[in-house]
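Geometric and topological summary
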Amino acid sequence: MIPTSYYLALSVILFAIGVAGVLLRRNAIILFMAIELMLNSANLVFVAYSRQFGALDGQILVFFVMTVAAAEVAVGLALIVTIFRSKASIDVDDISMLKG
Amino acid sequence: MFELVPFILLFPVLGLLTNLVFGRYLGERFVGIIASGAVAASFIVSVIQVFALVNNNFHVETVLVADWITIGKMYLPWQIRVDTLSVTMMVLVTGVGTLIHIYAVGYMHGDKRFARFFVYLNLFVVMMLVLVAADNYLMLFVGWEGVGICSYLLIGFWYDKGDDNLGNARAGRKAFVVNRIGDFGFLIAMFMIFGAVGSLQFDAVLYYFENHGMEVGQLATTITLLLLVGAAGKSAQIPLFVWLPDAMAGPTPVSALIHAATMVTAGIYMMVRSAPIYAIAPSSQMTVALLGAGTALMAGTIALAQWDIKRVLAYSTISQLGFMVAAVGLGAHVAAMFHLITHAFFKALLFLSAGSVIHGVEHGAHKSDDHCDPQDMRNMGGLKDKMKITFGVYVVGAIALAGIFPLSGFWSKDEILADAWHVGMVEGHWHGMTVYILLALAAVITAFYMTRQIILVFFGSSRSAAANHAAENPPTMTVPLIGLAILSIVGGGINLPWSHTLGSWLEHTHHFFHGIDFNLTVALTSTALAVASIFVGFIVYYRRPLESSTAPDPLMSVLGPSLKFFYNKWYIDELYGTTFVRLYEWKARFLAFKVDRDFWHDFVHNQIILKSFKNVSGTLSGPVDRLGINKFFDGLAYSVHNIAVKVLRPVQTGYVRNYALGVMLGVVMVLGIMLIR
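Please read all numbers here as calculations on a predicted model, not as lab measurements.

It is worth spelling out the overall build of chain A at this point. Along its length, chain A carries three helices and zero strands. Relative to a compact globule of 100 residues, whose C-alpha radius of gyration would be 13 Å, chain A shows 17 Å and is clearly more extended. In terms of principal-axis extent, the alpha carbons of chain A reach across some 50 × 25 × 25 Å. Taken across its 100 residues, chain A has 26% of its residues classed as buried. Long-range pairs, those at least 24 residues apart, make up 58% of the contacts in chain A between residues at least 6 apart in sequence. Looking at chain A as shown, the accessible area adds up to about 6600 Å², and 75% of this sits on carbon and sulfur atoms. Side chains of chain A give 6 positive and 6 negative charges; the mean places of these two sets differ by 6 Å.

Below is the structure:
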């Protein structure tokens, strides 16, 4: 059986990639994908520990996370569509209206 | 029956309140009925008090109306004292007052302030009754001041008339100020009495002085002399008599009621009331006697030379008050009260008749369009046939005043002279004789100037068109005159020398009030002198009547400059004018312009206070506030702004990743802290 630490290491790698994606990429779609990546790395940790301890709590929590992620994507994509309509672009650096 | 006594005060109060509130709607007739009726009701109650006293064996009775001042051991109630002395005054004030009220209804007919006049008149009666009904010195003082203010109000009643349209108002002011000087003496006396006795109730005070006798003689002398100052102010004696002639500016009923019959007798009443204090202060008694006699003579000489019909009577009043004061000083309290009563009758009569004359001449002035001074006797003459009733009562008054047997003035004046004679010859005091001589001279002069007045007014031919058209007045005016004339004739009956009715009546108030026995020598001498004086008067004025209203007095050729001296009232007004008044005005001006304006306002206020205030506030607002506090807060605001612009603003880039980086660093930090701890 593959040790839990492997899953955790993979999860850390996935999360780091997600963070880097959010911080470094400009395309809003990519940003969303990066966020999904981070959520899924968290899911991986839940599931890994669930398997190790033989408890189902982590698995249930993963369902919740997936549900929230789906809802978030729905809202997020709607926002992106609206932004694209007004700006003809989905580059997040173009929507810097909160600049002080 | 004593419990009725508050009604004596209550009736006029109700009368004045009614007239005060409804007077202007009621019309002259009702106002007159209410005012006269109120005083008449008081008169009836006063007469009831006489019977109550008789029933009570003449024993004094006090009626508590209300508590007034209670401080520690001092207790001063509103309490009415019913004894023979106060009841005598009550009957006199309300009786004469009623007649004068009725007369005033006719006299004031058509005046635009008719109702107000009767409000004042009733108020005066109330105050005078408070004065005589008082059971302590302070309540007496309330009445004393009350009649003073009424006198002021009534002298200035026609305030828009007189010299410069201000003369009457000035006369009122003069009366008020001069009376204040007297009141000052009275107040100090009252304080000293309270200091010594610890009470102002008559019983306590008089008991104290009666029983401590000569050991408090020094104190009694001071107190009595101060009381004399008060009496001199109110009863118009030297040196404070100057206000009374000016008080003739008031309507004639006022002159009759206040300045002849009642108010001016307040000083006499007060001194008679304080008799036990005077009794142990012989030196002030002597002062009082000499002052009174001196006033009697001096005022008589002034009356001799006056042309104004009312001024003659005013000086005559001062002179007669001098008789009364002299009598008080001689210890002849009964004689003083007797003369006070008879004088009230015939002087009220004379004033009201003079008012009738003036009214008649004014009437003539309207008819003939000759607007001369209706009070100047030079413009009169020959009124005997035109005003028959007035002439008759005037002669009665004049004869009574001159002291001719058997009218009231004879009995009362003679009793004073007999007292003076007694003190001088029997007891052998030099001042008694001096007083006798002064008073006898004054009596001679009195007879002379009354003769002069009668002849100038009523005999000869009319010296002006106004006098030529004069006419008799309506019955509201003549009926009270006839009533007073009867009283003037028979008034002496209250104290005939062989019955001493008034003497034994007053004896119940103070045991040493005694009448004096009839002195034939004195009586014959004074009658002879009076008759001779009248005869001389006839020779001077009747045989050669005044030619015109500008002719000089026939006495001028005999007396010359001294008549001018008398005419100008011994230059007393001028003397006071140059000394007291000028000094006072100078002082007032000094205080107003130098002390107040130049020093206080310009220097202290403007220079010191205002300028230093300006300096201080200038410093506060300039350097301290504007440069200090304001700069500091400006700087504070500016630096906040600076920090915001230079530091906080660039942080807000608007780039999502920057915020995300911030969130991540925050999470890392939190996690780091959690790991380390």
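All names here are of chain B. Each neighbour pair has its own omega, and for Ile238 with Pro239 the value is 0°, a cis peptide bond. Residue placement: Pro239 occurs in the loop between α8 (217–234) and α9 (243–246). Here the residue pair Phe405 and Pro406 is connected by a cis peptide bond, since its omega of 0° sits within 30 degrees of zero. Mapped onto the fold, Pro406 is located in the loop between α16 (388–402) and α17 (408–426). A positive phi angle, close to 65°, is found at Phe58, a residue other than glycine. By the secondary structure assignment, Phe58 is in the loop between α2 (28–55) and β1 (61–71). Judged by relative accessible area, Phe58 falls into the partly exposed class, the value being 26%. We note that Ala236 has phi near 55°; this positive angle belongs to a residue other than glycine. Note on placement: Ala236 falls in the loop between α8 and α9. For Ala236, a relative accessible area of 0% translates into the label buried.

Turning to the confidence of the model for chain B, a few remarks are in order. This prediction gives chain B a mean pLDDT of 88; 100% of its residues lie at or above 70. The complex model carries a pTM of 0.76, and its ipTM stands at 0.85.

Cut-offs applied
Residues numbered from 1 in each chain as written. Chains lettered and ligands numbered in written order. Predicted model: local features only at pLDDT ≥ 70, side-chain atom pairs only at ≥ 80, totals over all residues. Heavy atoms only, no water. Helix = DSSP H or I, 4+ residues; strand = E, 2+ residues; numbered from the N terminus. Rg over C-alpha atoms; globule rule 2.2 N^0.38 Å. Buried < 20%, exposed > 50% of the residue type's maximum accessible area, 1.4 Å probe, protein only. Contact = heavy atoms within 4.5 Å. Areas by Shrake-Rupley, 256 points an atom, 1.4 Å probe, with all protein chains shown as cover. Lys, Arg positive; Asp, Glu negative; His and termini not counted. Charge placed at Lys NZ, Arg CZ, Asp CG, Glu CD. pLDDT = per-residue confidence, 0-100.

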